[in-house]
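Fold and geometry: a report
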Amino acid sequence: MMLSLAILALLSVAAPWVCRYAGPARGVVLAAFPLGIGAWFASKIPAAADGEGIVESVAWLPELGLELSFRLDGLSLLFALMVTLIGAGVLLYAGAYMKGHHQIGRFFCYLIGFMTSMLGLVLADNLILLFIFWELTSITSYLLIGFNHDKKESRAGALQALMVTGLGGLAMLAGLVVLAFAAGDLAGVAGGVWNMSELPEGLSGHAHYPWIVALVLAGCLTKSAQFPFHFWLPSAMAAPSPVSAYLHSSTMVKAGVYLIARLHPNLATGTAEGLWEGLLIGFGATTMFVGAYLATRQTLYKRLLAYSTVSSLGVMVMLIGMGHPDAAAAYILAHAMFKGCLFLVAGIVDHEAGEKDVAEIGRLFRAMPATALAAVLAGISMAGVPLAPLAGFVAKEKMIKAGLDAGPLTALLTALIIAAGSFTVFIAIMTGFKPFFGKASREPKKHAHEAPWPMLAAPVILAVLGIVYALVPALFATPVVTAAGEAIKGGPFEAALRLDAFYYYEISLALGLSLLATLIGVGIYFGRGLWVKATSPFAKLDGVVGPAKMYDYAMLGLTKGSWAQTRVLQNGSLQVYIKMTLVAILGMFAWAIWRTGFLPSVGTNFERTGLLEWVLIISIAVSAIVATRLGSRLATVAVLGVIGYAVAVVFALYGGPDAAMTQFAVETLIVVIFVLVVYHLPRFAVYSGLAVRVMDLLLAATFGGVMACLVLAAGSQELFAPISAYFNEAAMPETPDGQSAYGRNLVNIILVDFRSVDTLGELVVLGIAAIGVYTLMKLRDDQEGTPVAEREGDEDQSEEGDA
Amino acid sequence: MSSLLVLLAPEIVLFITTCIVMIVGLWPKLEVRSLAMPIAGMGLLIAGVLAINTPANPESILPNIIPYAKAMTAGVGLLLVLLLAGTVDRSYEAAVERGELRFNPIHTNRAEFFAFFLFSLTGLMLCASATDLIWLFLALELVSLPTYVMATISTRKLRSQEAGVKYFFLGALGAAIFLYGFALLYGGTGTTNLIGIRDALAEQAASGGINPIAMAGIILSLIGISFKIAAVPMHFYTADVYQGAAAPVSAMLAFVPKTAGFIAMMGILAAVGWQYAPGGETLAADGVGTLPRSIYVTLAAIAVLTMTVGNVLALLQRSIKRLLAYSSIAHTGYMLVALIAGPSIAAEAGITSNGLGAVLFYLLVYGVTNIGTFAVVACLERPQPDGEADELDDLEDLRGLCRTRPVLGWVMVICALGLLGLPPLLGFWAKFLLFTSAISAGEIALVVILGLNSAIAAFYYLKLVTLPLLEEPEGDAPATTPFASRTFAGVLSAALVLLAIIPTGIVDAAMEAADRAGTIVPANIEAIERSITAEALRDEPTPIIDR
């Protein structure tokens, strides 16, 4: 398995060279590899079918729980076969389809890169490994959808697809991690259980179960385009047709379905009312109906198919949720055949007749008979026409039977299935029949002709396989579907699966309902003008509040928010930044107080405050107010100096003469420096209006008030002895243990004894500063007569001085 | 004393290197002057080697952090030195070389520039060594003060000076706030020693709740330090400063102060501990809890706001440097989630549960990846009318870069994808560890918000990917700067980002660095200290509270 991944990865890197040297044979050469790998997988059907499957594992980062562990069981096998075999057909097809494109090498690089990721995804047993491949499919699909990136709609579609699936993917990563830890809890494994095959029983009883389900499903439902996240899939149709056929019908969009199926045995509760099942049935049934309905209003070939794919994905999710793994597996296989075929046909019609709109074209049968044959077969299969021995019929019968067996939901689900079935019949006629046999409203844009054989091979084979599926199921359908179904169920089926069409040839309610759906579908086809008119009010509604519109609104909101934030918060003004910071800090304090009720008690003990203190307090306050009102910088500096001196006096009053001395010196120095600098500055100018100033005053007062309260609160409690006691004791020569400093002047002792290394450091700093000053003075002398290159010289000097 | 010298050996080496660089950078001979950068690199290399072999410091609140943090500083510092080559004095030195000007030390900044750079890194290393609030404050300021000057002198444009002024003023505001917080913390606990604070707080919590003054101090400290890590509410400077400074300096600003801030926050939070009962400020009975409630809500609010604000602001940017600046804010928010989660206290927790280790690893990954993106900007320039080449900063300049300048183009693509966290690049593992550690601490809601934000981030990171990779070049290809070492720095970063296959060693180192941080209460301290001396750390089960 790892070898197959390695081969494909290498092929992806080598694809540009293959394209350059193999010329027209590139499709054949490239397709040979996945075909061979597919054949290998096909040979492993019996081995994979027995419960354990084939396991390969290499330790990678065991500490992180990551192992390169792969497991091939029935479910993986079903998907691996689709990835490789349909992939081979698509490569062959694309070799001709992309002929002459100037970036064809890059295209194949991305396409095979996607194939590798998708194959890795379905084979991975490790949750992290699965996520890695999951994201790689997203990114390669992004590159492929946006391949014609000179077109705006391609770019938009690619980004939309990536945003929706990427968002879901990250939620899923969170879900997978929660899942791994929860499993670790249950299994008693520290660090979590990271291999899906080792997940323990009973996850649905874990406290985090709702999180797991919600987050994992967020990833799966977005990836598999479930309503209301379906809108990215039609937009992704901007991709070249081989990409749409491969990624957006057969493989990538089914990744979500795959993971749902994979985790179903572990996350299912076993009852239809369970969270997991309920969500799956709800999302699946809605998607099935809405997707099919939306498709009926389309006329572009690929968009029709895209919406019908959305509907089909809904069917798969719903069937898994309803507990019919056999029906789900049968449907997945059948869908891959008929939908893949129709997408490729759409590409042929676009490529060879230049037409994209099925409402306009018709009568292409004569020009392209083989294509028409494949399309008709696939169309009948998709419609599930009663008694037609094709894969689609079998799958549809199983689906309707499942609907009729849904307990309390029977009526609702059956009605939805029949409604969606009718729409699907209509879509099948529009895509499989109308372009070839219907009425054409005008001549095709290009002279229509049959496609070359590499483009015909895949659709014809897929169409024919649809017959083989239903007529000789034992050949491949029964073993593959049985193995996959049992893997989804998590145990063997009681009875053997019947996939032969004739088994369903009996008069029954299911067959009758199927017939009814077909008739309604044909009816809609003939009355399609009326139908479009009747449903247009809903379409208008969808255009206003539909999910796609919601996505647009969200994107617009983000951009608008970004714009507004830039204008308001990031306008480049330092004042605004500081104000915002202060507001935010106050806000956070308020938030913390509101959320936790924590509030320091503020002491108001002014008993010890004497006259001198009051004088100081008042002079500080007055100075502060005056400083804000003065028009001259020099005067402001002087007033600020008053505050500094007053603080120094406070130090002196409360037994800190050394601190007071320092404060005096520093304050003087600062005032002097200020004066020197301020001398060069212009006078104050008033830029702000009264309102702004009042707001500023309020903000300053509030912030100052909060800070002052904190100081009061801190001052009002005495938690511990003042440190002076310690120094007094340690300095005394009388202390018995002889560890004392033998001195009486505390300041001296601190300087030369307790903190002697600091003093040494300060001396060194002073020395270095002195050397620096001397150097600068010497340089000034030398500088005479040197050409002055730049004016910056003086500024450098002042920086040096500050440092 | 001597043991302290051993612990501080890398800092001492860096300081000596700084002195040598200062002298060498002013030398009259050009050949000698050009040695300033290699000498700085050599000093970092030696400091890094010394750092790896530094023993654990039992007196530190984060006993095992020193080797990892300092080696990371030296390693990323080496990349930065390569990137910083030629940032200042380029036209002046060229003129001297052509013989148009006589060399005059007064007109050159090279010595100061590299010296300031090394000073800042020394400060960062000192942050990791800090055992005391005063030490921590001085170290944090040693980190930032040189960067103010570096941002200002990094180009001769007016915008650099504007950036420098804004950076300085807001930095001073931040410093004032966290210094105030430190003072209150001292007021509430009676000590500036971080281990002393831890014991005092644990004692208060055990006897009826933490002192509100101490709590207010911690909250103010965290808000003030949010300037260093560029978090809301002190993030405003980021875009203006990163855009104004030369790209190599911006790359440095995105790593050095951020790392210092996170290490400081870790130290302070480790002093508080992660074992408080949910909904209160008292210790949890089983020893497995969260941060105290008021710190938790503050940090959670900061984390959510930070990542959202950063990502939303980045959406519309046309300037690469502004975009990277806002994304730097967002990454801070991501890391805060793991910081909230903290080191797992459960005895048998695996390394995927250690939030502090996740932050330390993320810092390294972010630093390296970010250097790659800034290196591309630093390598591109276009001649201006005034004769001086100006670096390119518009997203449009990246158009078709993979075609015109393949090396730079691919460096940008790889590093942008790395920042996006695309698996299996290095950035993914970093983000993965954030996810696992936060989830194992039960912070699922925060992780979901983190995931949403990462998806928004894809919106703008993809511009950095698609423009060089998919678009066709338009007009003239941008010129490149003549500094091979810058390209080399970029290529090296991209190589490291790609080298995600074997991050185990580094992850282990990060986890070990965060081992046992903030998980200890007084009753167990003696036992722990004994076990440290016995060097049987890893075999000992992590102690939990046994009250």
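Predicted model only: the values in this text are computed from it and were never measured. (Residues numbered from 1 in each chain as written. Chains lettered and ligands numbered in written order. Predicted model: local features only at pLDDT ≥ 70, side-chain atom pairs only at ≥ 80, totals over all residues. Heavy atoms only, no water.)

**What to know about the overall build of chain A**
Helices and strands together make up the secondary structure of chain A, namely 31 helices and 2 strands. Taken against the 2.2 N^0.38 rule, which gives 28 Å for 803 residues, the C-alpha radius of gyration of chain A at 39 Å runs more than 25% over that of a compact globule. Overall, chain A is about 110 × 70 × 55 Å in size when its C-alpha atoms are taken along their principal axes. Of all 803 residues assigned to chain A, the portion counted as buried reaches 51%. In chain A, 75% of the contacts between residues at least 6 apart in sequence involve partners at least 24 apart. By element, 68% of the accessible surface of chain A is carried by carbon and sulfur atoms, the whole surface being about 35,700 Å². (Helix = DSSP H or I, 4+ residues; strand = E, 2+ residues; numbered from the N terminus. Rg over C-alpha atoms; globule rule 2.2 N^0.38 Å. Buried < 20%, exposed > 50% of the residue type's maximum accessible area, 1.4 Å probe, protein only. Contact = heavy atoms within 4.5 Å. Areas by Shrake-Rupley, 256 points an atom, 1.4 Å probe, with all protein chains shown as cover.)

**Remarks on the overall build of chain B**
A tally of helices and strands in chain B yields 23 helices and 3 strands. For chain B, the C-alpha radius of gyration of 23 Å lies close to 24 Å, the compact-globule estimate for 547 residues. Overall size of chain B, expressed as C-alpha extent along the three principal axes, is 75 × 50 × 40 Å. Across the 547 residues in chain B, those meeting the buried criterion constitute 69%. The contacts in chain B between residues at least 6 apart in sequence include a share of 78% that link residues at least 24 apart.

**Regarding the packing of helix 10 (residues 241-250) of chain A against helix 14 (residues 325-353) of chain A**
Residue and element names in this part refer to chain A. With their axes 8 Å apart at the nearest point, helix 10 and helix 14 run at an angle of 160° to one another. It follows from the interaxial angle that helix 10 and helix 14 lie roughly antiparallel. Relative to helix 14, helix 10 is oriented so that their crossing is right-handed. Each of Ser 241, Ser 244, Ala 245, His 248, Ser 249 and Ser 250 in helix 10 lies in contact with helix 14, whose residues at this interface are His 335, Lys 339, Gly 340, Phe 343, Leu 344, Ala 346 and Gly 347. (Axes fitted to C-alpha atoms, helices over the stretch in contact; angles between N-to-C directions. Parallel < 35°, antiparallel > 145°, perpendicular 65-115°, else oblique. Left-handed = near helix turned anticlockwise from the far one by under 90°.)

**A closer look at the confidence of the model for chain B**
The predicted model of chain B averages 84 in pLDDT, with 90% of residues at 70 or higher. Below pLDDT 50 for its whole length, residues 520-547 of chain B participates in 39 contacts with residues either more than four positions away or in separate chains. (pLDDT = per-residue confidence, 0-100.)

**Focus: the environment of Ala96(A)**
All names here are of chain A. The residue Ala 96 is located in helix 4 (residues 74-97) in this model. Each C-alpha atom of the pair Ala 96 and Trp 453 lies 8.9 Å from the other, and the pair is 357 residues apart in sequence. Once you skip the residues sitting within four places of it in the chain, Ala 96 turns out to touch His 351, Pro 452, Pro 454 and Met 455.

**With respect to a nonpolar patch on the surface**
Residues Leu387(A), Leu471(A), Val472(A), Leu475(A), Phe502(A) and Tyr505(A) make up a contiguous nonpolar surface patch of about 560 Å² in total accessible area. Along the polypeptide, Leu387(A) turns up in the loop between helix 15 (369-383) and helix 16 (391-403). (Patch = residues over 30% accessible without salt bridge, like charges linked within 9 Å, V, L, I, M, F, W, Y side chains within 5 Å. Salt bridge = Lys/Arg side-chain N within 4 Å of Asp/Glu carboxyl O.)

**Let's talk about the sheet that holds strand 2 (residues 389-391) of chain B**
Residues and elements named next belong to chain B. Across the sheet, which stays open at both edges, the 3 strands sit in the order 2-1-3 with antiparallel pairing between neighbours. Edge positions in the sheet fall to strand 2 and strand 3 (479-480), since each of these pairs with one other strand and no more. Two strands pair when backbone bridges link them, and strand 1 (residues 380-383) and strand 3 are joined in this way by 2 bridges, in the antiparallel orientation. Considered in strand 3, the bridge of Leu 380 is made with Thr 480. (Pairing = 2+ DSSP bridges.)

**With respect to the environment of Ser60(B)**
Residues and elements named next belong to chain B. The residue Ser 60 is located in the loop between helix 4 (36-52) and helix 5 (65-84) in this model. By relative accessible area, which is 4% here, Ser 60 ends up buried. Sequence spacing of Ser 60 and Leu 35 is 25 residues, and the spatial spacing of their C-alpha atoms is 37 Å. Excluding residues that lie within four positions of it along the chain, Ser 60 makes contacts with Ala 130, Thr 131 and Ile 195.

**So, the interface of chain B and chain A**
Opposite the 95 residues of chain B that make contact, chain A presents 85 residues. Taking both partners together, chain B and chain A bury about 7,900 Å²; carbon and sulfur atoms supply 75% of that area. When residues of chain B are sorted by the area they lose upon contact with chain A, Ile106(B), Phe236(B) and Leu470(B) head the list and together hold 9% of the total. Where chain B touches chain A, the interface holds 0 salt bridges. Broken down by element, the residue count for the side of chain B that touches chain A peaks at 13 residues, all from helix 20 (residues 444-469) of chain B. The class makeup of the residues in the side of chain B that touches chain A is 61 nonpolar, 20 polar and 14 charged. (Buried area = accessible area lost by both parts, 1.4 Å probe. Nonpolar A, V, L, I, M, F, W, Y, C, P; charged D, E, K, R; others polar.)

**Regarding the side chain of Thr306(B)**
Within the secondary structure layout, Thr306(B) lies in helix 14 (residues 293-314). Those residues within four positions of Thr306(B) in sequence are excluded, and the remaining contacts are Ala230(B), Ala231(B), Val232(B), Ile329(B), Ala330(B), Thr332(B), Gly333(B) and Leu336(B).

**Here we look at the packing of aromatic side chains**
Tallied over the full model, the rule gives 36 aromatic pairs over all chains. A centroid spacing of 5.4 Å and a plane angle of 50° characterise the contact between Phe423(A) and Trp531(A), whose relative ring orientation is tilted. Highlighted residues: Phe423(A) in helix 17 (residues 410-437) and Trp531(A) in helix 21 (residues 528-545), separated in sequence by 108 residues. Taken together, Phe131(A), Phe181(A), Trp194(A), Phe428(B), Trp429(B) and Phe432(B) form an aromatic cluster joined through their ring pairs. Its guanidinium or amino end placed over the ring of Tyr525(A), Arg528(A) lies 4.5 Å from that ring's centre, counting from NZ or CZ. (Phe/Tyr/Trp six-rings, centres within 6.5 Å; stacked < 30°, edge-to-face > 60°. Lys NZ or Arg CZ within 6 Å of the ring centre and 35° of its normal.)

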